[in-house]
Amino acid sequence: MDRVPILSMGEMMPAVDRRLEERFLVHRSSARPIPEILAEHGQAIRAIATRGRERTDAAVIAALPRLEIIANFGVGYDSIDVAAARARGILVTNTPRVLDDEVADFTVGLLLATIRQLPQADRYLRAGRWPGEGPFPLTATLRDRTVGLLGMGRIGERIARRIAAFDVPVLYHARRPRPDVPYRHCPDLLALAREVDTLVAIVPGGAATRHLVNAEVLSALGPRGILVNVARGSVVDEAALVAALQAGTILAAGLDVFADEPRVPQALLDLENAVLIPHAGSGTHHTRTIMGNLVVENLVSWFEGRGPVTPVPETPWTGRGEGS
Ligand code: NAP
Ligand code: 8YV
């Protein structure tokens, strides 16, 4: 078949990008600015593959009259205007489940690194301070903590299972309780924050979760409080978090996501009680390759008339084939 023209926003792994090139006529945002691609090829492009770094907003969707499918590299798809896609009958797909264990492993690592100050201890040793100043100062512990999860979905459940294996109590907040998990549901986030001293955020981004973790929630965690955010930067009021870390309202934070990635405020960089990671929760060769292949499979399956593999709930596949 003729290679279908697609827009690729943000590179994946070379092997995955090669698979895309084999099957599609790929217009890459890394090669040319998106407005130029839209102006020259917008009338022909039928699919988008996106890493989610640039927004797939209503204007981009409007500039592509033949767009049929947007395939997101990642489970979170808050960078896509799904309402605008849905209004045009355009499918959106993501990469659920294939990264759950990877992100859960990473989250436990970030939690322990934050509590036990592992990056700070590494810096202390490398700076040559051990011989002169003695051992690294004692740290907080996971031992006497109670962990609250904001979000008990696919990844949240895997995180909870790992934390519970450390013999630490786990509670969670989500809008709906899950009768199939053995952890106590708190219908109110602030009430959860009052009961725990350690909060791990793993909910989707977007308007419904914006700044759920605010100054009040941080204050409720208390001076022993630890916040780990592996959800989206938008879930936490970043200015309130900086203030809480500076004032000692909470003890420390471990952050994989930020409000305005890849820009991280200097105030956060200056804080010794923050462990900062450049959005790497799923970032292994193993898992990113599986995610990338799922992006390709969604596009290939759609254009071969078999429907998308993993459509998001807002744009369910209703049995239409390619070209409808
Ligand atoms: P999921 O299975 O859809 O779970 C989402 C959870 O969030 C559910 O428990 C859901 O429960 C809860 N939730 C949604 N909206 C909420 C709200 N307004 N208030 C309270 N709880 C809410 O998603 P997942 O696969 O676990 O992924 C979750 C998110 O993690 C992704 O969307 C992405 O943003 C993030 N993520 C980050 C990385 C990284 O690299 N850092 C990697 C993967 C994923 P209810 O619907 O009952 O509220
Ligand atoms: C990113 C993520 O997608 O899956 C998600 O929601 O946040 C990550 O896995 C990944 O960094 C690719 O941009």
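Conventions and cut-offs
Residues numbered from 1 in each chain as written. Chains lettered and ligands numbered in written order. Predicted model: local features only at pLDDT ≥ 70, side-chain atom pairs only at ≥ 80, totals over all residues. Heavy atoms only, no water. Pairing = 2+ DSSP bridges. Helix = DSSP H or I, 4+ residues; strand = E, 2+ residues; numbered from the N terminus. Axes fitted to C-alpha atoms, helices over the stretch in contact; angles between N-to-C directions. Contact = heavy atoms within 4.5 Å. Parallel < 35°, antiparallel > 145°, perpendicular 65-115°, else oblique. Left-handed = near helix turned anticlockwise from the far one by under 90°. Nonpolar A, V, L, I, M, F, W, Y, C, P; charged D, E, K, R; others polar.

Undergrad: Sorry, what's going on with the sheet that holds strand E1 (residues 4-9) here?
TA: Spatially, E2-E1-E3-E4-E5 is the arrangement adopted by the 5 strands of the open sheet, whose pairing is parallel. Here the strands that pair on one side only, and so sit at the sheet edges, are strand E2 (24-28) and strand E5 (91-93). Averaged over all pairs of adjacent strands, the angle between strand axes in this sheet comes to 20°, irrespective of strand direction. Most of the contacts of helix H13 (residues 285-303) go to strand E4 (residues 69-72), to which it runs at about 160°, and overall it touches E1, E2, strand E3 (47-50), E4 and E5.

Undergrad: Can you help me understand the packing of helix H5 (residues 100-115) against helix H8 (residues 154-165) in this one?
TA: The packing of two helices is summarised by the inter-axis angle and the distance between the axes. Where H5 contacts H8, the two axes come as close as 8 Å, and the packing angle between them is 50°. Considered as vectors, H5 and H8 are oriented oblique to each other. Like other packed secondary-structure pairs, H5 and H8 cross with a definite hand, here right-handed. Between H5 and H8, the contacting residues are Asp100, Asp101, Val103, Ala104, Asp105, Thr107, Val108 and Leu111 on the first element and Arg154, Ile155, Arg158, Ile159, Arg162 and Ile163 on the second. Per-class residue counts for the contact of H5 with H8 are 7 nonpolar, 1 polar and 6 charged.

Undergrad: Quick question: what am I supposed to make of the sheet that holds strand E10 (residues 226-229) here?
TA: Note on sheets: strands pair through backbone hydrogen bonds, and any given pair is parallel or antiparallel. Pairing is parallel in the open sheet, where 7 strands are placed in the order E8-E7-E6-E9-E10-E11-E12. Each having just a single partner strand, strand E8 (184-185) and strand E12 (274-276) make up the two edges of the open sheet. Pairing analysis gives 2 bridges linking strand E7 (residues 170-173) to E8, with the strands arranged parallel. Looking across to E8, one finds that Leu171 is bridged to Arg184.

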